[in-house]
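# Tertiary structure, described
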Amino acid sequence: MGDDHESALAEKPLEFLTSVANSGGSCDGQAIVPDGDRYRCWCSCGEWNIEAPTQAEGLRLARLHTSSAGARP
Ligand SMILES: [Zn+2]
C-alpha cells in the first residue's frame, strides 16, 4: 500500500504535463525552448507546434497564434 503512494507521487510531474496537454484547446501557455540551433515552440492547446529561428520570432509567432485563436469562437 505504501508503495502505491510513492509511485503516485513520482508520477505527479507527468500527470501535470498531461493535464496541460489535455486542457482542451485553450491557449493557457506557450513554451519556447532552445533545441539545437533553433527554438521549439508549442502551446497548451496542443494545436500549435512549430520551430522558430530565434526566441524573439518564437514569441512573435506565439502572440500571433494566441491572438488568432482568441478571435475565433
Ligand atoms: Zn494555442
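Throughout what follows, the structure given in this document is the object of discussion. Small disclaimer: the values here were computed from a predicted structure and weren't measured.

## Points about the overall build of the protein
Per the secondary structure count, the protein includes three helices and three strands. Reading the helices (α) and strands (β) of the protein from amino to carboxyl end gives α-α-β-β-β-α. Within the protein, contacts between residues at least 6 apart in sequence are counted, and of these 15% link residues at least 24 apart. When the accessible surface of the protein is summed, it comes to about 5,600 Å², and 55% of that surface belongs to carbon and sulfur atoms.

## Regarding the coordination of the zinc ion
Coordination of the zinc ion by the protein is provided by Cys27 (SG), Cys43 (SG), Cys45 (SG) and His65 (NE2), with metal-donor distances spanning 2.0 to 2.3 Å. Note that the zinc ion binds four donor atoms; their angles at the metal cover 104 to 119°, and the shape is tetrahedral. One chain supplies every donor to the zinc ion, and in sequence these donors are spaced C-x15-C-x1-C-x19-H. Owing to a relative accessible area of 4%, Cys43 belongs among the buried residues under this scheme.

Conventions and cut-offs
Residues numbered from 1 in each chain as written. Predicted model: local features only at pLDDT ≥ 70, side-chain atom pairs only at ≥ 80, totals over all residues. Heavy atoms only, no water. Helix = DSSP H or I, 4+ residues; strand = E, 2+ residues; numbered from the N terminus. Contact = heavy atoms within 4.5 Å. Areas by Shrake-Rupley, 256 points an atom, 1.4 Å probe, with all protein chains shown as cover. Donors = N, O, S within 2.8 Å, 3.2 Å for Na, K, Ca; no water. Tetrahedral: all angles 85-135°; square planar, octahedral: opposite > 155°, others 65-115°. Buried < 20%, exposed > 50% of the residue type's maximum accessible area, 1.4 Å probe, protein only.

Everything listed here is a matter of geometry and, on its own, says nothing about what the molecule does.
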